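Overview (structure and organization)
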Amino acid sequence: MGRSIYAFILLALGAAPAWAQTATPSARAVSSPGDENVARIVGYSFIRDDGMKFLETLSDTIGGRITGSPESRASAELILANLKEAGFGNAHFEEYELSSTWRHGAAAGEVIGPVRRALYIGSYGWVPGTPGPIEVPVVDFGPPGEEHSGAFGRVKGAAVIVDLRSSGSSTGYVGSRAVLAKQLGKAGAAAMFIVSDKPDRMVYTSAFGFYPRGPLPVISIASEDAAFLRRLLAKGPVEVRLDVQNTFGGRGSERNVVADVEGSDPSEVVLVCAHFDAWDPAQGANDNGAGVAVILEAARIFKLLGIQPKHTIRFVFFSGEEQLSNGSRAYIERHKAELDNTRAVFNIDSGAHPPLGFQIHGRKDNQAESKILLKPLAPLGADGVFLDADFDSDQETFIVAGVPIYSLKVEPQDYDVRHHTIVDTYERVDARMVKLETAIMAVAAYSFANAEHRPGRRLSPPEVQELLKRTGLEPLYKLEYADQNQP
């Protein structure tokens, strides 16, 4: 933590040292009423432990929170109760429908020939299970991009090993995964083995590209176990026994949780959001329990300090992000009449890691104004503005809607190791980063809600299409929005 952060905390507590009063522009600027509120927000973000207390409750009493499950419902009720207790009389649920519900069953696998050996596997989300225990041959399809002429003729009735490692480009990875699964399903494959990119025989869970129903059992297999199967295949035929017990439950319902800090001029709104759904191999503590804790605590600090911004700040807790950003899509549909008056959306789904600033997803037209409005975050090291664009979280919904969207960008550290695995647990979350991100999200929302000018306007549908092409997101957009009206 740098001394600029300490300056903010000390100023908030009325104990600023001489160097904080005179040394830097950021410290001198705190003398104005607006900046004094910034200092108070930052100070309270660091001296309170309520965000981590909430995260502990969410992680240890509820745990994994698959969309449409009782655990997801319990999470929404917990968030709403906390908001009501903090004084948000307007906090409420917003219900929406799910095309399908899904339950994560047990998954077991073993090699039964030419040797017997247990395999470490885990099912992807929103894919079917096997029709009871099955015994099938193994085929190595190899990595995408290689020449696969004739390969689909070999996969019928087989468990097919595919290398689909994300290589740091998860947006493209998701598209490739979904397309190849459809191709293998059509060719009659019994199951699709995706080699896990996690260390230490950990496997992976995800559903993007498979909701509302995947075409075949899609299974994450430990990298070490895939290597073992390939060594066996180099010497002759290999057979495995699989038993994956997933079930679909038909249509269902979900809910978002919404609460407003009403502005003195409520004609415009700034959104601050995070998704609370999570996979169930562990607790979903970093993805995205930490993000939920951050924006819940930011909301509570506004109430605690009695700060009223010029324009309304709305805190939205989405469900369904892990499937197809269902919660944010439902929000867009419900609030479509308000989108032209939405100044900006701030999304956090990056884990509790050192923050760098915000991605603005290719919006070059917003870049200059965004740098000005994010200047209050400079002492926190989070005033960076990045043009990177992706569909990796609920930002995709707002990109498609043309609304200015800001995603917190962080140093990844071990995020990808923990992401969607058995080690995404409470004790691994950095409490200092939760506090720092609370300050950042709250100050960013406050700055944009009070600004004289918006960072930019809402894009028209043709402008959205141009943005998607320019940022390379058009193929994934066409895949994920295939059954919906084009913007």
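Notes on the structure in this doc start here.

Below, the discussion takes up the packing of helix α9 (residues 285-305) against helix α15 (residues 431-450). Where α9 meets α15, the axes come as close as 8 Å, and the angle between the chain directions of the two elements is 55°. With respect to α15, the element α9 is oriented oblique. Classified by chirality, the crossing of α15 by α9 is right-handed. On α15, the residues touching A290, V294, E297, A298, I301 and F302 of α9 are V434, E437, T438, M441, A442 and Y446.

Moving on, we come to helix α8 (residues 223-233). Within α8 the residues assigned to the buried category are D225, A226, F228, L229 and L232. Projected down its long axis, α8 shows its buried positions confined to an angular sector of 155°, all on one face. Of the surrounding elements, those touching the buried residues of α8 are β3 (107-113), β4 (117-119), β7 (159-162), β8 (191-195), β9 (218-221) and β10 (239-244).

Here the focus is the side chain of S407. Position of S407 relative to the elements: it lies in strand β18 (residues 405-410). If we skip the residues at most four places from it in the chain, S407 touches N347, G357, F358, Q359, H361 and Q395.

This part covers the sheet that holds β18. A sheet is described by the order of its strands in space; here eight strands give the open sequence β1-β12-β14-β13-β15-β18-β16-β17, paired in mixed fashion. The sheet terminates laterally at β1 (92-98) and β17 (384-386), the two strands that pair on one side only. Looking at each pair of strands side by side, their axes are set apart by 25° on average, direction ignored. Bridging between strand β16 (residues 355-359) and β17 involves three bridges; their strand directions are parallel. Bridged to F358 within β17 is V385. Sitting on the sheet, helix α6 (residues 70-85) touches β1, β12 (252-261) and β14 (312-318), and the angle it makes with β12 is about 15°.

Take the sheet that holds β8 next. With respect to topology, eight strands assemble into an open sheet ordered β4-β3-β10-β6-β7-β8-β9-β5, the strand pairing being mixed. The strands lining the two open edges of the sheet, one partner per strand, are β4 and β5 (121-123). The sheet shows a mean angle of 35° between the axes of neighbouring strands, taken without regard to direction.

The rules behind each value
Residues numbered from 1 in each chain as written. Predicted model: local features only at pLDDT ≥ 70, side-chain atom pairs only at ≥ 80, totals over all residues. Heavy atoms only, no water. Axes fitted to C-alpha atoms, helices over the stretch in contact; angles between N-to-C directions. Helix = DSSP H or I, 4+ residues; strand = E, 2+ residues; numbered from the N terminus. Parallel < 35°, antiparallel > 145°, perpendicular 65-115°, else oblique. Left-handed = near helix turned anticlockwise from the far one by under 90°. Contact = heavy atoms within 4.5 Å. Buried < 20%, exposed > 50% of the residue type's maximum accessible area, 1.4 Å probe, protein only. Arc of directions from axis to C-beta. Pairing = 2+ DSSP bridges.

By themselves, these are just geometric observations and shouldn't be taken as functional.
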